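# Structural overview for review
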Amino acid sequence: MAKLTAQIIDDERSKFLEYLNKAGRRASRGRELIFDQVMRSHGHFTAEELAKHCLQKKLKVSRPTVFRTLHDLLEAGVIRETAFGDKHRHFEHVYDEKPHHHAQCVRCHKFLEFPDREEEDVYHPYLEKKGFKVLGHEMHFYGICKECQGKQA
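Reference entry: report on the structure contained in this document. Throughout, a residue's number is its position along its own chain's written sequence, starting from 1. Totals for whole chains, interfaces and linings use every residue, but because this is a predicted model, local features are given only for residues with pLDDT of at least 70 and side-chain atom pairs only at 80 or more, for both listing and counting. Calculation of side-chain values draws on the structure's entire complement of heavy atoms; hydrogens and water are dropped beforehand.

Quick look at the overall build of the chain now. Helix and strand definitions follow DSSP, with helices as H or I runs of at least four residues and strands as E runs of at least two, each counted in order from the N terminus. Regarding its fold elements, the chain presents six helices and six strands. Put simply, the chain runs from its N terminus to its C terminus through helices and strands in the order α-α-β-α-α-β-β-β-β-α-β-α. Across the 153 residues that make up the chain, the buried fraction comes to 35%. In the chain, the proportion of contacts linking residues at least 24 apart, taken out of those at least 6 apart, comes to 52%. Type-normalised accessible area, obtained with a 1.4 Å probe on protein chains alone, sets the label of each residue: buried when under 20%, exposed when over 50%, and partly exposed for intermediate values. It only takes one pair of heavy atoms within 4.5 Å for two residues to be counted as in contact.

So this is what it looks like as structure tokens:
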């Protein structure tokens with residue numbers, strides 16, 4: 001994982017502000033607060049976790065603003081969504097990530113990240129020819145991790 005620097009934050013903020021401008025949305029104080037919290041988060045996070053964190057920090061942002069801003073950050077390419085088969089959407093940063101996929105243990109629910117093997121070279125051109133704008137892709141594996149295999153079920 002790359003170290004978060006002021007330059008990276010500025011670059012990501014520029015991407016976000018450019019997207020908001022093109023979408024005809026303003027860069028409100030609430031969106032800025034959420035952007036800052038997202039950039040300070042590490043690893044995977046959910047909208048619910050972010051909303052709860054904002055409430056604990058007594059930030060003056062509504063829950064709907066959190067959800068709308070996450071959608072804007074996703075569209076701007078600042079974060080990406082990863083489903084994990086849960087009922088909640090999970091997000092992670094884009095700035096420091098090489099393309100990767102996830103494997104999840106069905107017992108302890110820990111995640112293992114593993115490198116992408118350039119699947120986009122096969123699927124992205126096909127989908128783009130069909131007029132589909134690819135924002136990203138992911139592959140998930142489910143199984144039992146090494147630690148849980150050694151424990152009784």
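From this point on, the discussion continues.
Once that is clear, we can look at the pairing of strand β3 (residues 90-93). Consecutive residues of a regular strand have side chains that alternate between opposite faces of the sheet. Taking every second residue as pointing to the same face, both faces of β3 are buried, with His90 and Glu92 on one and Phe91 and His93 on the other. Of the strand pairs in this sheet, strand β1 (residues 45-46) and β3 are connected by two bridges, and their pairing is antiparallel. Across the sheet, Thr46 pairs through a bridge with His90, a residue of β3. What makes two strands pair is DSSP finding at least two bridges between them. Across four bridges, the pairing between strand β2 (residues 79-82) and β3 is antiparallel. Bridge assignment links Glu81 to a residue of β3, and that residue is Phe91.

Of the positions making up helix α3 (residues 47-56), those classed as buried are Ala47, Leu50, Ala51 and Cys54. For α3, the angular spread of buried residues about the axis comes to 100°, placing them on one side. Away from the buried face of α3 by more than 90 degrees, exposed residues Lys52 and Gln56 are located. As used here, the arc belongs to the directions running from the helix axis to the C-beta atoms.

The subject of this paragraph is the nonpolar core. Take the buried Ala, Val, Leu, Ile, Met, Phe, Trp, Tyr and Cys residues and link them wherever side-chain atoms come within 4.5 Å; each set so joined is a nonpolar core. Judged by nonpolar contacts, the single largest core of 24 residues is most densely connected at Val38, Leu50, Leu70, Leu73, Val78 and Ile79. The set of elements that each furnish at least two residues to this core consists of α1 (6-23), α2 (29-40), α3 and α4 (63-76). Dropping the residues within four chain positions of it, Leu70 is found in contact with Val38, Phe45, Ala47, Leu50, Ile79 and Phe91.

On to the state of the cysteines, then. For the purposes of this analysis, a disulfide is any pair of cysteine sulfur atoms at a distance within 2.5 Å. Evaluated as defined, the whole model comprises zero disulfides. Free of any disulfide, Cys108 has its nearest cysteine sulfur in Cys105, 3.7 Å distant. Judged by relative accessible area, Cys108 falls into the partly exposed class, the value being 30%.

One can find Tyr19 in helix α1. A relative accessible area of 18% places Tyr19 in the buried class. With residues near it in sequence (within four places) discarded, Tyr19 still touches Arg25, Asp72, Glu75 and Ala76.

This next bit is on the sheet that holds strand β5 (residues 111-115). The strand order across the open sheet built from three strands is β5-β4-β6, with neighbouring strands paired in mixed fashion. A strand with exactly one partner marks an edge of an open sheet, and here the two such strands are β5 and β6 (140-143). Between one strand axis and the next, the sheet turns through 25° on average, direction left out of account. Bridge count between strand β4 (residues 100-105) and β6: four bridges; the pairing is parallel. Residue pairing across strands places Cys105 opposite Gly143, the latter belonging to β6. Interaxial angle, 0 to 180 degrees, is taken between N-to-C directions of lines fitted to C-alpha atoms, where a helix line uses only the stretch in contact.

Function cannot be read off these values alone, since they describe shape.
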